[in-house]
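Here are the chains, one letter per residue:
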Amino acid sequence: MKPAAFEYRRVSSVAEACQCLASEGENARILAGGQSLVTVLNMRLAQPKILLDISGCAELSYIRAEKSYLAVGASTTQSQLQQWNGLAATHPLLHETLPFISHFQIRNRGTVAGSIAHADPSAELPLCLATLGGEVILQSHKAKRALPASEFLLGMLTTAKRNDELVTEVRFPHKKPAMPMPLMNSPCAGEISQLSPARLNLTPMRFGSALAASRTGL
Ligand SMILES: Cc1cc2nc3c(=O)[nH]c(=O)nc-3n(C[C@H](O)[C@H](O)[C@H](O)COP(=O)(O)OP(=O)(O)OC[C@H]3O[C@@H](n4cnc5c(N)ncnc54)[C@H](O)[C@@H]3O)c2cc1C
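A brief structural summary. Just so it is clear, the model here is predicted, and its values are computed rather than measured.

We now examine the sheet that holds strand β2 (residues 28-31). Pairing between the strands of a sheet comes from backbone hydrogen bonds, and it takes one of two forms, parallel or antiparallel. Read across the sheet, 3 strands follow the order β1-β3-β2 without closing on themselves; strand pairing throughout is parallel. Single-partner strands in this sheet number two, and they are β1 (7-10) and β2. Averaged over all pairs of adjacent strands, the angle between their axes in this sheet comes to 25°, without regard to strand direction. Here 4 bridges tie β2 to strand β3 (residues 50-53), and the two strands are oriented parallel to one another. Within the sheet, the bridge partner assigned to I30 lies in β3 and is L52. Contacting β1, β2 and β3, helix α1 (residues 14-24) crosses the sheet at an angle of about 165° to β3.

This next bit is on the sheet that holds strand β6 (residues 135-139). The sheet built from 5 strands is open, its strands ordered β4-β5-β10-β6-β7 with antiparallel pairing. Of all strands in the sheet, those bounded by a partner on one side alone are β4 (63-65) and β7 (144-148). Taking the axes of each pair of neighbouring strands and ignoring which way they run, one obtains an average angle of 20° across the sheet. Direction of pairing for β6 relative to β7: antiparallel, over a ladder of 5 bridges. When the sheet's bridge partners are listed, E135 is paired in β7 with P148. Seen against the sheet, α1 touches β6 and β10 (166-173) and runs at an angle of roughly 125° to β10.

Of all 8 residues in β10, 7 are buried, a share of seventy percent or more. Of the strand pairs in this sheet, strand β5 (residues 69-73) and β10 are connected by 5 bridges, and their pairing is antiparallel. Across the sheet, Y69 pairs through a bridge with P173, a residue of β10. Examined bridge by bridge, β6 and β10 share 5 bridges and lie antiparallel to one another. For I137, the partnering residue across the bridge sits in β10 and is E169.

How each quantity is defined
Residues numbered from 1 in each chain as written. Predicted model: local features only at pLDDT ≥ 70, side-chain atom pairs only at ≥ 80, totals over all residues. Pairing = 2+ DSSP bridges. Helix = DSSP H or I, 4+ residues; strand = E, 2+ residues; numbered from the N terminus. Axes fitted to C-alpha atoms, helices over the stretch in contact; angles between N-to-C directions. Contact = placed C-beta atoms within 7 Å. Buried ≥ 20, exposed ≤ 12 C-beta atoms within 10 Å, placed from the backbone.

Next up, the structure:
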């Protein structure tokens, strides 16, 4: 199938994206790497009238090590995070997980924030964010707010993001001392995730149980 007709707009700033989200409401949808959204459009599971492409938004392209967390801007790709120097030391879970996200062609286009905003229960990054107790920064034309993963990720393909909001940043807390991060995943990169960030030393668990763990503070 082919997608329903839509208008394509390449935005160059967060302010421009927020303005359009505010005026168009449900008619507008953010396009990041397009690696999940395009399939959804092709299947006509969503038929937005306007796609707001944030991939060229320079202010959203960054990786910054802050005092207690790693801040990843919303147009940063999964490959850029994978290649970031120092990831193995501060975020061993991400370092070990990223290569398992499909193939490099997908990671070269797919964004970190896009994967989290999409909230696929079989995806690696929402699970990592929930397990590490990370945060998502949301911006609308009116306000900015931070939500912990446990409040942002509500279930399968469902988040607490409002229609007029954009995810601008994702925050992964730095590794705490004595936090072992052994990892189980499919032996074959590119297969659907069977990830187990066994911080809790549990049998393989997926998004739902990680979320439950982060909610109960384990
Ligand atoms: C063949 C194939 C195999 C894959 N295998 C895996 C895998 O093994 N593991 C895995 O985790 N993923 C996998 N993926 C998904 C991939 O990681 C996607 O890149 C990711 O899920 C979505 O990121 P994106 O930047 O492409 O987002 P898009 O597809 O552009 O957007 C996805 C959704 O999030 C919304 N969105 C995106 N960015 C924002 C934002 N900043 N603010 C608000 N809303 C936003 C969009 O509106 C859309 O609803 C695969 C994809 C493909 C095509």
